[in-house]
Amino acid sequence: MDLIIRGGTVVTSTGSFQADVAVDQEKIVAIGTDLKAEADRIVDATGKLVLPGAIDAHTHMQMPFGGTVSADSYKAGSRAAVCGGVTTIFDYPVQHKGETILGLVHSKQEICQEDACSDYAFHCCITDFNDGAILDEMEEAVAEGITSFKCFLVYKKEGMMVDDGMLTTLLERAKELGAMVNVHAENPDLIDLRTEKYLKEGKTSAWYHYMSRPEFVAAEADKRVVHWASHLDTPVYIVHMSDKEGLEACIKAKEEGKMIYVETCPQYLEFTSDVYKREDGRNFVCSPPMKGEESRQALWTALKAGFIDTVATDHCPFQSYEKDWGKDDFSKIPNGCAGVENLYPYMLSAANEGKISFEKVVQVCALNPAKIFGCESKGELAIGKDADIVIYDPEKDFTVHVDNMHSDYDHTIWEGKKLHGYPVQTYLRGKLVYDNGEYVGTPGDGKYVKRMPRS
Ligand code: URP
Ligand code: ZN
Ligand code: ZN
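Think of each chain on its own: its residues are numbered from 1, step by step along the sequence as written. In the order they appear in the text, chains get letters beginning with A and ligands get numbers beginning with 1. In keeping with the model being predicted, local features are shown solely for residues with a pLDDT of at least 70 and side-chain atom pairs are shown and tallied solely at 80 or more, while totals for entire chains, interfaces and linings include all residues. Derived side-chain values reflect all non-hydrogen atoms in the structure, with water molecules and hydrogen atoms excluded from consideration.

Peer 1: What is the right way to read the coordination of the zinc ion (ligand 3) from this model?
Peer 2: Ideal values for angles at a metal depend on the geometry: 109.5 degrees with four tetrahedral donors, 90 or 180 degrees with six octahedral donors. Around the zinc ion (ligand 3), the protein contributes the donor atoms His58 (NE2), His60 (NE2) and Asp314 (OD), which lie 2.0 to 2.1 Å from the metal centre. Taken together, the four donor atoms coordinating the zinc ion (ligand 3) span angles of 88 to 144° at the metal, a pattern that classifies the geometry as irregular. Donor atoms (N, O, S) are those found within 2.8 Å of the metal centre, with the cutoff raised to 3.2 Å for Na, K and Ca; water is not part of the atom list, so apparent gaps in a site can occur. Written as a sequence motif, the donor residues of the zinc ion (ligand 3) are H-x1-H-x253-D. The metal-metal distance between the zinc ion (ligand 3) and the zinc ion (ligand 2) is 3.5 Å. Of this pair, histidine 58 sits in strand E6 (residues 54-59) while aspartate 314 sits in the loop between strand E16 (310-311) and helix H11 (320-323), placing them 256 residues apart in sequence. Each member of the pair, histidine 58 as well as aspartate 314, is classed as buried. A four-donor site is called tetrahedral if each angle lies between 85 and 135 degrees; a four-donor site is square planar, and a six-donor site octahedral, when trans pairs exceed 155 degrees and the remaining angles lie between 65 and 115; all other cases are labelled irregular. For the purposes of this entry, the term helix denotes a DSSP run of H or I that reaches at least four residues, the term strand denotes a run of E that reaches at least two, and both are numbered from the N terminus. When accessible area is computed with a 1.4 Å probe and restricted to protein chains, residues below 20% of their type maximum are described as buried, those above 50% as exposed, and intermediate ones as partly exposed.

Peer 1: What am I meant to see in the nonpolar core here?
Peer 2: Generally speaking, nonpolar side chains in soluble globular proteins are found buried as a group. In terms of nonpolar packing, the biggest core is built from 111 residues, with Phe149 and Met347 touching the most fellow members. Among the elements that make up this core, the one with the highest residue count is helix H12 (residues 343-352) (seven residues). Bear in mind that the domain bounds are from an automatic or database domain assignment. The residue makeup of this core includes at least three contributed by each of domain 1 (3-51 + 379-439) and domain 2 (54-372). Setting aside its immediate chain neighbours within four residues, methionine 347 contacts Leu269, Leu303, Val311, Ile356, Val361, Val364 and Cys365. Remark: nonpolar core denotes a set of buried residues (Ala, Val, Leu, Ile, Met, Phe, Trp, Tyr, Cys) joined through side-chain atoms within 4.5 Å. Whether two residues are in contact is decided by their heavy atoms, any of which lying within 4.5 Å being enough.

Peer 1: Can you walk me through the sheet that holds strand E12 (residues 148-152) in this structure?
Peer 2: Hydrogen bonds between backbone atoms are what pair the strands of a sheet, whose relative direction is either parallel or antiparallel. Strand pairing is defined by DSSP finding a minimum of two bridges between the two strands. Spatially, six strands are ordered E11-E12-E13-E14-E15-E16 in an open sheet, and the strand pairing comes out parallel. Across the chains shown, the open sheet's two edge strands, defined by having one partner strand only, are strand E11 (124-125) and E16. Inspection of the sheet shows strand E13 (residues 180-184) paired to strand E14 (residues 236-238) by two bridges, in the parallel sense. From the neighbouring strand, asparagine 182 faces E14, where its bridge partner is tyrosine 237. Fitted lines through C-alpha atoms give the axes, limited to the stretch in contact for helices. The angle between two N-to-C directions lies from 0 to 180 degrees. Relative to the sheet, helix H8 (residues 244-255) contacts E14 and strand E15 (260-264), its axis offset from that of E15 by approximately 145°.

Peer 1: Just checking my understanding: could you explain the packing of aromatic side chains for this structure?
Peer 2: Any pair of aromatic rings gets described here by the distance separating the centres and the angle formed by the planes. Here is the rule: rings of Phe, Tyr and Trp (six-membered ring for Trp) pair when centre to centre is within 6.5 Å. Planes less than 30 degrees apart are stacked, more than 60 are edge-to-face, and the remainder are tilted. Scanning the entire structure with this criterion turns up 15 aromatic pairs. Between tyrosine 198 and tyrosine 208, the ring centres sit 4.9 Å apart and the planes meet at 50°, which makes this aromatic pair tilted. Within this pair, whereas tyrosine 198 is found in helix H5 (residues 188-200), its partner tyrosine 208 is found in helix H6 (residues 207-212), the two being separated by 10 residues in sequence. Classification of tyrosine 198 by relative accessible area gives buried; the value is 5%. The structure contains a cluster of three or more aromatic residues connected by ring pairs, namely Phe271, Phe284, Tyr346 and Trp414. When the NZ atom of lysine or the CZ atom of arginine is within 6 Å of a ring's centre and also within 35 degrees of its normal, the charge is said to sit over that ring. The ring of tyrosine 92 is capped by lysine 150, whose NZ or CZ atom sits 4.4 Å from the centre of that ring.

Peer 1: Can you help me understand the pattern of salt bridges in this one?
Peer 2: Side-chain pairing between opposite charges can occur once the charged atoms of the two side chains come close. Within this document, salt bridges are pairs made up of a side-chain nitrogen of Lys or Arg and a carboxyl oxygen of Asp or Glu, the two lying within 4 Å of each other. Applying the stated criterion to the full structure yields 33 salt bridges. Measuring nitrogen to oxygen at the nearest pair gives 2.9 Å for the salt bridge that ties aspartate 20 to arginine 6. One end of the pair, aspartate 20, is in strand E2 (residues 16-24); the other, arginine 6, is in strand E1 (residues 3-11), with 14 residues separating them in the sequence. Residue aspartate 20 is classed as buried on the basis of its relative accessible area, which comes to 5%. With relative accessibility at 22%, the residue arginine 6 sits in the partly exposed group. Lysine 175 serves as the salt-bridge partner of aspartate 233, at 3.5 Å between the closest nitrogen and oxygen. One end of the pair, aspartate 233, is in the loop between helix H7 (215-232) and E14; the other, lysine 175, is in helix H4 (residues 164-177), and 58 residues separate them in sequence.

Peer 1: How do you make sense of the packing of H12 against helix H13 (residues 358-372) when you look at a structure like this?
Peer 2: In a pair of packed helices, the angle between the axes and the distance between the axes together describe the arrangement. Across the interface, H12 lies against H13 with an axial gap of 8 Å and an inter-helix angle of 155°. Taken together, the axis directions place H12 and H13 in an arrangement best described as roughly antiparallel. The hand of the H12/H13 crossing is right-handed. Residue-level contacts link Leu343, Tyr344, Met347, Leu348, Ala351 and Asn352 of H12 to Phe358, Val361, Val362, Val364 and Cys365 of H13. Across the contact of H12 with H13, the residue classes tally to 10 nonpolar, one polar and no charged. We call two directions roughly parallel when the angle between them is under 35 degrees, roughly antiparallel when it is over 145, roughly perpendicular when it lies between 65 and 115, and oblique otherwise. It is the rotation of the near helix from the far one that decides the hand of a crossing: anticlockwise by less than a right angle makes it left-handed, clockwise makes it right-handed. The classification used treats Ala, Val, Leu, Ile, Met, Phe, Trp, Tyr, Cys and Pro as nonpolar, Asp, Glu, Lys and Arg as charged, and all other residues, Gly among them, as polar.

Peer 1: So what exactly am I meant to see when it comes to the coordination of the zinc ion (ligand 2) here?
Peer 2: In this structure, His184 (ND1) and His240 (NE2) serve as the protein donors to the zinc ion (ligand 2), at separations of 2.1 Å. Taken together, the four donor atoms coordinating the zinc ion (ligand 2) span angles of 57 to 145° at the metal, a pattern that classifies the geometry as irregular. With relative accessibility at 3%, the residue histidine 240 sits in the buried group.

Okay, structure coming up:
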């Protein structure tokens, strides 16, 4: 046996119990009390929680965007991931006109083979059908384990937007292939109109990033996505849900049995649009922006009630000097914030404080993304699954500072956030990769996660 973790409290999606966990050849091979086997490494987890590694289903590593490239390379971002208990990331390469899905994804796989510190999968963002060739190629992509595709209903000027015709074509094609479409839902025309208006009026601060795309601007697009997916009877996954009205439309559709999956992010659970009134408001600029307190509360309520399927980060950091490009013009701020290392600690701290259960955190941060996106060997502590394991000390207090993170960015929206409880070790398929504040793995440890289509 390679590893036995003894005496911890094992947390699954349905319950918690005292047990030992045995690992051999990258897999969990036994879970039980007082396992008698010998092992090369024995870890005493008394007083600790033993959890499945989290899956961050939404990251943008070294992504060309906003006139620059997001600040975390695959190496830095996936290193930060495992240091926060995330053992699998789903990245979003963006296909542009003339590019093929597999050409793009293979180029990312090449980088990750050398650099990835966590396991990795890809959702491919489609921005152009290349005269229909992309719709054919989606089948080959699914065969290679890329079983989800994203589209943006925004970023029109950036040439990344798809219209309703393309969205509905993608939804129907994905259904044929057993794939999923992930959608960034905001209304592009309203955003452009309002942005222009505020800039003309000299209203240039980060607050007007929020004002140009407030609740109702996102809600219209959320409802439109629900409408198309419901009528076409296709599954759809709405990324980074942030607004109450759109969320309510999703909940209603879910209650009617529609295949609507909802992701939110820690930043929408923690912050409100008030952050954009701060001197450093530009650092919080992401799309969709943080919304009002009513939306924030609605997200927590929906999470507790089981209407939020996943919590992921939309990790897309930029350096301070890049955020500063928009000091006098909010439209020039590169959109995106850091989060991959904060996801699990933030959600687990919420559980530790009694706001939600630990089992709920396992559901939304591990099991549900694994199930929704077809990662058969991930998402749970169970015999036969990959030994992606996090040991969590519920008594360890931790304050987030950019200096105790493991990314390449120079600031974080989570600066100063106090957490009660923190991961102390992360195992990636049985290999220790994070140990009490230190990254101890080797870049290249991460493997590609080939996913299964939906049946
Ligand atoms: O502001 C964000 N979210 N940047 C990354 C791209 C996206 O929209 O997901
Ligand atoms: Zn997005
Ligand atoms: Zn994103």
